[in-house]
Every structure is written in C-alpha cells, then in structure tokens.
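Coordinate analysis (summary)
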Amino acid sequence: MTNALIHIFIRDAENTGDSQVREKFGVLSGAVGLACNLFLFALKLIIGLLTGSISIAADAFNNLSDAGSSAVTLIGFKLAGAKPDSEHPFGHGRIEYVSGLIVAAAILLMAYELIRDSIIKIIHPEETEFSVMVVVILIISILVKLYMYLYNSGVAKKIDSAAMKATATDSLSDTCATAVVLMAALIGHFTGIYVDGYCGALVGVFIMFAGIGAAKDTLNPLLGQPPEEEFVQKIDQIVMAHEEICGIHDLIVHDYGPGRQMASLHA
C-alpha cells in the first residue's frame, strides 16, 4: 500500500535528491498520518460515547494530539520546500529539522505523562477496564499505528530525513504504549494481577530514550555538525578529477536543510 500511494501521488519518486520530491514525500506522509489519527479519534470517540467508556473516549483525544504532530510534519515539509527569498537567500530547508524537533518534543512529553501516570498506578493500583470492545479497539489502534511506523520509517530511509525518523519513532512509541495497555488488561482480567503501572513505566522510559535520540538527530544539524565522511569523499573525488588540482584543504560545509549543502574549500 505504501508503494501504491507513492506511485499515485509522487512523480519521479526515485529522485529523492530533488527538494520538490522530498517535499511531496513529507506532505504525503503527514497527510497519511493525519488521516489515520483522525480515523482513530473518530472511532474511539464514537465507541466511547456509545459504550460509556471514559478511557476509550479519553484515548480518542490522545489520537487527536497525534494528528497535530502529523499536521506539523505536513506543514514543516511544505514550508521547507518554499523557494529562497530576499530574507532567506539559502531557502527554508532547515524548517524540516525544526518540525522534527517539535515531534521529538511531543514524544518526550508523552513519555513524561506515561511515566507519571504509571507511578500513580503503582502507588494506587486499580482494576483495568476490560471488555471485548476495548480489546478490539486496542488491536485496531496497534495495527494502524504499526502501519504508520512502517510507512514513516520507509519514507525516512528513502529520503534520509531526520524529521521522518522522529515521526516514525512517534508512531512506534504509540504502538508500544497501546500494546502494553492491551497486555496489562489481559493479564489483569485473567490473573487478577494488575501490572499496568510497572509495564507503563518501563515503556515510558523506552519512549523517553527514543525521544532523546529523535531530538538529537534533528537538533545536531541545526546547531552545526561535521559533514558525513562519505559526503567529504564525494567532494574530494569531484574536485580531484581535474588534472590541475594537486590537493584540497580547509573544506567547510554549511547545511541549510536536506539536499541544500553549500561547501567552500581551498584547492
């Protein structure tokens, strides 16, 4: 399905070095995430209202906030693809890094809230809500979020985007959190042992480390990081291909966004 969407909406999809192609990948990914999260929001809200389940209705608004993260990705890539202007002569590519940083911040916030709620449940354990409807909703959520993770991680590898890696991490975090809720509900129902607090705390720590990694991947290019060795070797090969050049030194690379590197050197 992923390749089908790319084939339908993105022409020349293999030319990922082109800024317009990258923009289309990011916008498509944001739109898919927005659609999936809004679907989960509507489904959970309707089921929660019909069954009177407060937990399902509350979780619906968690998916609504996830839709906000998808909107950030969509808008971020759209703005990053804007052409250079008098105020930004090197383009707006770094907005892609900023959007990834915002998503990473959302992951860290989710980890904090999950750990906080888990500690409360450890101190004051309570029976978890269990019904066939709850199990079905949780399984649907896991499958949708798992698809979003696989889709976003595939796009991230294809266009080498730190922002898309952060979005994929966000989807994986939601998948793990929902899976733990399902596991804890099943264990509590069949054994009478309520482990959701302990499981939630462990998942919260995992999500926090994932969020820190995502933040690092998007923050480093903004602060300025050394160019990849492969990129340096490629420049060296291009310059040294001229017979007049004996050697190069003092190579400086400025990163103005993915695919927007500017380099200067002494030959």
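Now for a description of the structure that goes with this document. (Residues numbered from 1 in each chain as written. Predicted model: local features only at pLDDT ≥ 70, side-chain atom pairs only at ≥ 80, totals over all residues. Heavy atoms only, no water.)

Now for the environment of Arg11. Assignment of secondary structure puts Arg11 in the loop between α1 (2-9) and α2 (19-51). Between the C-alpha atoms of Arg11 and Ala35, which are 24 residues apart in sequence, the distance is 22 Å. (Helix = DSSP H or I, 4+ residues; strand = E, 2+ residues; numbered from the N terminus.)

Time to look at the environment of Ala105. Relative to the helices and strands, Ala105 resides in helix α4 (residues 95-123). For Ala105 and Ala214, which are 109 residues apart along the polypeptide, the C-alpha to C-alpha distance reads 8.9 Å.

A separate point is helix α7 (residues 196-223). In a regular helix each residue adds 1.5 Å, so 28 residues correspond to 40 Å; α7 covers 39 Å between its end C-alpha atoms and thus fits that length. Directly beyond the C-terminal end of α7, a positive phi value near 110° is found at Gly224. (Expected span 1.5 Å × (residues − 1).)

Pairing analysis gives 5 bridges linking strand β1 (residues 249-255) to strand β2 (residues 261-266), with the strands arranged antiparallel. The partner of Val253 across the bridge, within β2, is Ala263. Linkage of β1 to β2, two consecutive antiparallel strands, is achieved through a turn of 5 residues, within which Gly257 is found at a positive phi near 125°. (Pairing = 2+ DSSP bridges.)

Looking now at the nonpolar core. If you look at the biggest cluster of nonpolar residues, it comprises 19 residues, and the most contacted ones within it are Ile10, Phe25 and Leu28. Those elements that provide at least two residues to this core are α1, α2, α5 (132-159) and α6 (162-191). In this view, Ile10 contacts Leu5, Val21, Lys24, Phe25 and Leu28; residues no more than four positions away in its chain are not counted. If you look at the next biggest cluster of nonpolar residues, it comprises 14 residues, including Val103, Met110, Val195 and Cys199. (Core = buried A, V, L, I, M, F, W, Y, C linked by side-chain atoms within 4.5 Å. Buried < 20%, exposed > 50% of the residue type's maximum accessible area, 1.4 Å probe, protein only. Contact = heavy atoms within 4.5 Å.)

Let's shift gears to α6. Helix length check: α6, at 30 residues, gives a terminal C-alpha distance of 43 Å against a target of 44 Å (1.5 Å per residue), a fit within 8%. Between the side-chain oxygen at the start of α6 and the backbone nitrogen of Ala163 there is a gap of 3.4 Å, and the oxygen is on Ser161. Just downstream of α6, Gly192 is the residue with a positive phi angle, here 80°. (Polar contact = N/O pair within 3.5 Å; in protein donor to acceptor, adjacent residues only side chain to side chain.)

All chains considered together, the criterion is met by 5 salt bridges. Note that Glu96 is salt-bridged to Arg22, the shortest N-O span being 2.7 Å. Here Glu96 is found in helix α4, whereas its partner Arg22 is found in helix α2, with 74 residues between them in sequence. With respect to class, Glu96 is no different from Arg22; both count as buried. When salt bridges with common partners are traced through the structure, they connect Asp66, Lys145 and Asp174 into a single cluster. (Salt bridge = Lys/Arg side-chain N within 4 Å of Asp/Glu carboxyl O.)

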